Amino acid sequence: MASSDPPGDDSLYPIAVLIDELRNEDVQLRLNSIKKLSTIALALGVERTRTELIPFLTDTIYDEDEVLLALAEQLGEFTLLVGGPEHVHCLLPPLESLATVEETVVRDKAVESLRKISAQHSPADLEQHFVPLVKRLSSGDWFTSRTSACGLFGVCYPRVSSTVKADLRSHFRNLCQDDTPMVRRAAAGKLGEFAKVVELEFLKSDLIPMFVNLAQDEQDSVRLLAVEACVSIASLLPQDDVEQLVMPMLRQASEDKSWRVRYMVADKFTDLQKAVGAEITKTDLVLAFQNLLKDCEAEVRAAAAHKVKDFCQNLEPSVQETVIMTNILPCVKELVSDANQHVKSALASVIMGLSPILEIGRASCRERV
């Protein structure tokens, strides 16, 4: 990198030191060098940072995880150091490489930095530089790159043309159907975020089928993340569509054979309640909540018990008292004498919150509780 400059050029010194330190056998020295990247870039200037430093870093991404993690974090703050938004795309090659490494924390940090700098791309640069990166990652041979790709669709989709949007939806569909469970899990985890930026027409025609497939996946680790997506999707759809498109999957999840999926439903229950609305809560969720409070697994009962106060508080006023007295309090009475300490502890933290909700008088309510 230095050979093209005249001998004795002082401006070579920072990059020469960086190269020496990055090649040093001492990990701490290499780590310190990475952490000083912004200082080195300032010394080099924006043009040499773009033409020398960034390519050098891209070519030398083979190191200890802690060094790569520091590099992924630093690059997310490099926009001004490479000359501002019009040149920010030159940061994509090293971050793309970092997004494919084996260590999860490094990949996650690279994706975080990519998400950050995506906002600094113009729509034209997004289509020319960022979207091709997303496509390469989503079609990569290794599952690591495909999992990283899942986190990038939501940040670039809103600012590209309709043709590119269709292409992105197609790539995301492929990730949802990937042979590797880890990729499907990553897609399920980002489906809710993607749903928020996709047009309603395509949410119903494209993303709902993806959601249905993920909610019925053979792996419970995928199905439980589909529950999270359910919250976002239900909040975006008209009421009739929620009943038709979302509720069958939610009913299924609340009775899933895997306790981990039922636990996720219990844990997200009040979010689901707000997303589906008062009418569906009354017709469907009250019974589902009762079943979760009576679940055979203590972890599920505890998660549901934690939500008792909030669930009751969010009920429609016209049915609130009836539902609490008829459906919830009998379950609460059973949980008071639950064999599991965690369940009783969860209940104890919220039980007295029921009293103010009811308008029948605190003394009477406490007596019943």
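Note on numbering: residues in each chain are counted from 1, in written sequence order. Per-residue local features of the predicted model are confined to residues with pLDDT of at least 70, and side-chain atom pairs are confined, for both listing and counting, to 80 or more; whole-chain, interface and lining totals are unaffected and use all residues. Based on all heavy atoms of the structure, the side-chain values leave hydrogens and waters out of the count.

Enquirer: What is the right way to look at the packing of helix H14 (residues 220-236) against helix H17 (residues 269-276) in this model?
Expert: The description of two helices packed together rests on the angle between their axes and the distance between the axes. All axes here are fitted lines through C-alpha atoms, helices being fitted over the stretch that makes contact, and every angle between N-to-C directions spans 0 to 180 degrees. Under the DSSP-based scheme used, a helix requires at least four consecutive residues in state H or I and a strand at least two consecutive residues in state E, with every element numbered from the N terminus. One way to put it is that H14 packs onto H17 with a least axis distance of 8 Å and a crossing angle of 25°. One element, H14, and the other, H17, form an angle in the roughly parallel class. For the pair H14 and H17, the sense of crossing is left-handed. Together, Val-227, Cys-230, Val-231, Ala-234 and Ser-235 of H14 and Asp-271, Leu-272, Ala-275 and Val-276 of H17 make up the contact between the two elements. Classifying every residue of the contact of H14 with H17 by side-chain character gives seven nonpolar, one polar and one charged. Between 65 and 115 degrees an angle is taken as roughly perpendicular, under 35 as roughly parallel, over 145 as roughly antiparallel, and anywhere else as oblique. In a left-handed crossing the near helix is turned counterclockwise from the far helix by less than a right angle, and in a right-handed crossing that turn is clockwise. Here a residue-residue contact requires only that any non-hydrogen atoms of the pair lie within 4.5 Å. Classes in brief: Ala, Val, Leu, Ile, Met, Phe, Trp, Tyr, Cys and Pro nonpolar; Asp, Glu, Lys and Arg charged; the others, Gly included, polar.

Enquirer: Honestly, the side chain of Asp-217 in this entry has me stumped. Any pointers?
Expert: By the element assignment, Asp-217 lies in the loop between helix H13 (200-215) and H14. Given the relative accessible area of 9%, Asp-217 is considered buried. Here Arg-184 takes part through its side chain, which lies 2.5 Å from a polar atom of the side chain of Asp-217. When residues no more than four places from it in sequence are discounted, the contact partners of Asp-217 are Arg-184, Val-222 and Arg-223. Any residue under 20% of the maximum accessible area for its type is buried, any over 50% is exposed, and the rest in between are partly exposed; the area is computed with a 1.4 Å probe on protein chains only. Any pair of nitrogen or oxygen atoms within 3.5 Å is treated as a polar contact; in protein, a donor-acceptor pairing is required on top of that, and neighbouring residues in sequence qualify only through side-chain atoms on both sides.

Enquirer: Would you mind showing me how to read the environment of Thr-147 here?
Expert: In this structure, Thr-147 sits in helix H9 (residues 143-150). Judged by relative accessible area, which is 14%, Thr-147 ranks as buried. Distance in space between the C-alpha atoms of Thr-147 and Val-183 is 4.9 Å, their sequence separation being 36 residues. Excluding residues within four positions of it along the chain, Thr-147 makes contact with Arg-107, Met-182, Val-183 and Ala-186.

Enquirer: Where do I start with the pattern of salt bridges in this structure?
Expert: Opposite charge on two side chains allows them to pair when their charged atoms are near. Salt bridges are defined by distance alone: a side-chain nitrogen of Lys or Arg within 4 Å of a carboxyl oxygen of Asp or Glu. Summed over all chains, the structure comprises 20 salt bridges. Ionic pairing is found between Asp-206 and Arg-169, a salt bridge with its closest N-O pair at 2.8 Å. Of this pair, Asp-206 sits in helix H13 while Arg-169 is found in helix H11 (residues 162-176), placing the two residues 37 residues apart along the sequence. Judged by relative accessible area, Arg-169 falls into the buried class, the value being 6%. A single salt-bridge network, built from bridges that share partners, covers Arg-115, Lys-190 and Glu-193.

Enquirer: Quick question: what am I supposed to make of the nonpolar core here?
Expert: In globular proteins that are soluble, nonpolar side chains generally tend to be buried together. With 122 residues, the main nonpolar core has Leu-57, Phe-78 and Ile-233 as its most contacted residues. It is H14 that contributes the most residues to this core, ten residues altogether. Beyond its immediate chain neighbours, meaning those up to four positions away, Leu-57 contacts Leu-22, Ile-34, Leu-37, Leu-71 and Leu-75. Think of a nonpolar core as a cluster: buried Ala, Val, Leu, Ile, Met, Phe, Trp, Tyr and Cys residues, connected wherever their side-chain atoms sit within 4.5 Å.

Enquirer: Sorry, what's going on with the confidence of the model for the protein chain here?
Expert: It should be kept in mind that the predicted coordinates are not to be read in detail where pLDDT is low. Considering every residue of the protein chain, the mean pLDDT works out to 87; 91% of them sit at 70 or more. Residue-level confidence of the predictor, termed pLDDT, takes values from 0 up to 100. When pLDDT is averaged over each element of the protein chain, H11 comes out on top at 96 and helix H24 (residues 362-368) at the bottom at 49. Counting interchain partners and residues more than four positions distant, the pLDDT-below-50 stretch residues 1-8 has ten contacts. Below a pLDDT of 50 lies the segment residues 360-365, which in the model reaches eight contacts outside its immediate sequence neighbourhood of four places, other chains included.

Enquirer: What exactly am I supposed to notice about the packing of H14 against helix H16 (residues 259-267) here?
Expert: Contact pair H14 / H16: the axes reach a minimum separation of 9 Å and the direction vectors enclose 10°. With respect to each other, H14 and H16 are oriented roughly parallel. Where H14 crosses over H16, the two elements pack in a sense that is right-handed. Packed against H14, whose contacting residues are Asp-220, Ser-221, Arg-223, Leu-224, Val-227 and Glu-228, the element H16 presents Arg-260, Val-261, Met-264 and Val-265 at the interface.

Enquirer: Is there a simple way to think about helix H8 (residues 123-138) in this case?
Expert: Residues lying three or four places apart along an α-helix face the same way, a consequence of the helix completing one turn every 3.6 residues. Bend angle per residue: angle between axes fitted to the 7 residues ending at that residue and the 7 residues starting there. Of all the bends in H8, the greatest reaches close to 35° and is centred on Phe-130; the proline Pro-132 follows between one and four positions later. Of the positions making up H8, those classed as buried are Asp-125, Leu-126, Phe-130, Val-131, Leu-133, Val-134, Leu-137 and Ser-138.

Enquirer: What is the right way to read the environment of Thr-79 from this model?
Expert: Turning to its location among the elements, Thr-79 is positioned in the loop between helix H5 (65-75) and helix H6 (92-98). Beyond its immediate stretch of four places on either side in the chain, Thr-79 contacts Gly-84, Pro-85, Val-88, Leu-91, Ile-117 and Gln-120.

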